[in-house]
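# Summary of structural features
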Amino acid sequence: MLIDSHCHLDRVDLKRYDEDFDRMMQASAEAGVTRMLCVSIDLEHYPAMRELVEPYAQVDVSVGVHPSEEGRREPSLEALVELAADPRNVAIGETGLDCYRSSGEDIGWQQARFRTHIAAARACGKPLIIHTRNAREDTIRILKEEGAAEVGGVLHCFTEDWETAKQGLDLGFYVSFSGIVTFKNAAELREVARQVPNDRLLIETDSPYLAPVPHRGKPNEPRLVGHVAECIGEVRGMAPEAVAEVTAENYLRLFRRA
Ligand SMILES: [Zn+2]
């Protein structure tokens, strides 16, 4: 039993499946992936994404507008809460701050969008999916200012230092590792993955991006999440099956699917 806590199924490359989405989903099931969270990045693509996963009961969804999606329709608190009332919805996001491309620019709009998502999560009592890149201090500060600890959530595709992980953990957040943790140059990140407590650990693919070693550079999909479990097992001295088990338990607890 493996759970992919973060993927974008509407963006997965289906070439190897002759463009047949169902075959990709079957390949995931055959790889032992019993559940996945399909994460929204904007409202424009949300309806098609939601329709795509409708036949698959093992797919949970979130609603949110990614911080890098500049110029997208701004989500209102009301719109987010309304879409989150969907029984298949388990979270608000992904949201957060991304200063990778916009360093030095005014990102007031990102911060306002981020605050709206936190308010929506508090309004509907659902956890947050947080993306943070080159903005760790501001991300933690805004989480604190907006009372995000009340709902908690996950710091997804974690690539920051232990200090940031610790601050997230202190706010009640979980920490999710993607294929990046398997990359050769990610020794520091593996050290963070070693330290996160068992009951706060999650794994993800972030498909179609960031395929884990030995598939690095190729299209990613949920069936590859086992490689992340293996790598984390290695650094923590756990069997990959044990990593699969605790991360699945954590997922079901955080997203209230237990
Ligand atoms: Zn994502």
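All values derive from a computational prediction rather than experimental measurement. Per chain, residue numbering runs from 1 following the sequence as it is written. Only residues with pLDDT of at least 70 get local features here, since the model is predicted, and only at 80 or more are side-chain atom pairs given and counted; chain-wide, interface and lining totals rely on the full set of residues. Hydrogens and waters are ignored; side-chain quantities use all the structure's heavy atoms.

For the rest of this paragraph, the subject is the layout of surface pockets. A cavity here means a set of points on a 1 Å grid, drawn over the protein atoms and nothing else, where a 1.4 Å probe fits but cannot get out; a pocket is an open set with protein on both sides within 12 Å along at least five of seven lines, and a residue lines either one if it has an atom within 4 Å of a point. Grid points are joined across faces, edges and corners, and a volume is the space filled by probe spheres set on the points. Roughly 550 Å³ of internal volume is contained in the largest pocket. As for the largest pocket, its lining consists of 22 residues, of which His66, Asp98, His131, Arg133 and Asp206 are closest to the centre. Of all the secondary-structure elements, those providing two or more residues to the lining of the largest pocket are β4 (89-98) and β5 (128-133). Working definition: helices are DSSP H or I runs of at least four residues, strands are E runs of at least two. Numbering for both runs from the N terminus. By residue number, the principal contributor to the lining of the largest pocket is β5, which donates 3 residues.

Turning to empty space enclosed by the protein, a few remarks are in order. Scanning the entire structure with this criterion turns up 2 cavities of 30 Å³ or more. Reported here for the largest cavity is a volume of approximately 40 Å³. Lining the largest cavity are Asp10, Arg11, Val39, Ser40, Ile41, Asp42, His45, Tyr46 and Met49. Taken together, the residues of the lining of the largest cavity break down into 4 nonpolar, 2 polar and 3 charged. Along its surface, the second largest cavity is lined by Ser5, His6, Leu37, Ile129, Val154, His156, Ser176, Leu202, Glu204 and Phe255. Looking at the lining of the second largest cavity, its residues break down into 5 nonpolar, 4 polar and 1 charged. Residue type decides the class: Asp, Glu, Lys and Arg count as charged, Ala, Val, Leu, Ile, Met, Phe, Trp, Tyr, Cys and Pro as nonpolar, and the leftover types, Gly among them, as polar.

Our next topic: helix α4 (residues 108-124). To estimate the expected span of a helix, subtract one from its residue number and multiply by 1.5 Å. Over its 17 residues, α4 runs 25 Å from end to end, which matches the ideal 24 Å to within 8%, given 1.5 Å per residue. Within the span of α4, buried status applies to Gln110, Gln111, Arg113, Phe114, His117, Ile118, Ala120 and Ala121. Note on contacts: a residue pair is in contact if any heavy atoms of the two residues lie within 4.5 Å. Residues of α4 that are buried in the fold lie against α3 (77-84), β4, β5 and α5 (136-145). The first or second residue beyond α4 is Gly125, which carries a positive phi of 65 degrees. Under the scheme applied here, a residue whose accessible area is under 20% of the maximum for its type counts as buried, over 50% as exposed, and between as partly exposed, the area being computed with a 1.4 Å probe on protein chains only.

Quick look at the UniProt feature "binding site: a divalent metal cation 2" (unreviewed entry) in the chain now. As annotated in UniProt, the feature "binding site: a divalent metal cation 2" (unreviewed entry) corresponds to His131 and His156 in the numbering used here. The greatest C-alpha distance among the residues just named is 5.8 Å, despite their covering 26 residues of sequence, which places them together in space. Taken from the residues named earlier, the lining of the second largest cavity is made up of His156. Examined against the element boundaries, His131 turns out to sit in strand β5. In contact with His131, not counting residues within four places along its chain, are His66, Pro67, Glu94, Thr95, Gly96, Leu97, Asp98 and His156. One polar contact links His131 to Glu94, side chain to side chain, over a distance of 3.3 Å. Take His156: it is sitting in the loop between β6 (153-155) and α6 (162-170). When near neighbours in sequence (up to four residues on either side) are disregarded, His156 contacts His6, Glu94, Ile129, Ile130, His131, Ser176, Glu204 and Asp206. Between N or O atoms, a polar contact is any pair within 3.5 Å; within protein, one atom must be a potential hydrogen donor and the other a potential acceptor, and residues adjacent in sequence are included only when both atoms are from side chains. A polar contact is formed between the side chain of His156 and the side chain of His6, at a distance of 3.1 Å. UniProt positions are given in the numbering used here, feature names are shortened, and annotations may be inferred rather than shown by experiment.

This next bit is on the coordination of the zinc ion. For a metal bound by four donors in tetrahedral geometry, the ideal donor-metal-donor angle is 109.5 degrees, whereas six donors in octahedral geometry ideally sit at 90 or 180 degrees. Summarising the metal site, the zinc ion is bound by the protein donors His6 (NE2), His8 (NE2), Glu94 (OE) and Asp206 (OD), whose distances to it range over 2.1 to 2.6 Å. With water excluded from the atoms, a metal site may look incomplete; its donors are any N, O or S atoms within 2.8 Å, or within 3.2 Å for Na, K and Ca. Think of it this way: with four donors and all angles in the 85 to 135 degree range, the site is tetrahedral; with four or six donors, opposite ones beyond 155 degrees and the rest between 65 and 115, it is square planar or octahedral; otherwise it is irregular. Considering all 4 donor atoms around the zinc ion, the spread of angles at the metal, 85 to 177 degrees, places the coordination shape in the irregular class. Of note, the zinc ion draws all its donor residues from one chain, in the sequence arrangement H-x1-H-x85-E-x111-D. Here Asp206 lies in the loop between β8 (201-203) and α8 (225-236) and His8 lies in the loop between β1 (2-7) and α1 (21-30), a separation of 198 residues in the sequence. Its relative accessible area of 3% is what places His8 among the buried residues. Overall, Asp206 belongs to the buried group, its relative accessible area being 7%.

The omega torsion of the bond from Ser207 to Pro208 falls at 10 degrees, within 30 degrees of zero and hence cis. The residue Asn134 is not glycine, and still its phi comes out positive at about 55 degrees. In this fold, Asn134 is placed in the loop between β5 and α5. In this structure Asn134 comes out as exposed when scored by relative accessible area, which is 52%. Positive phi outside glycine occurs at Arg256, with the angle close to 50 degrees. With respect to the helices and strands, Arg256 occurs in the segment after α9 (240-254). Of the residues examined, Arg256 reaches a relative accessible area of 53% and is grouped as exposed.

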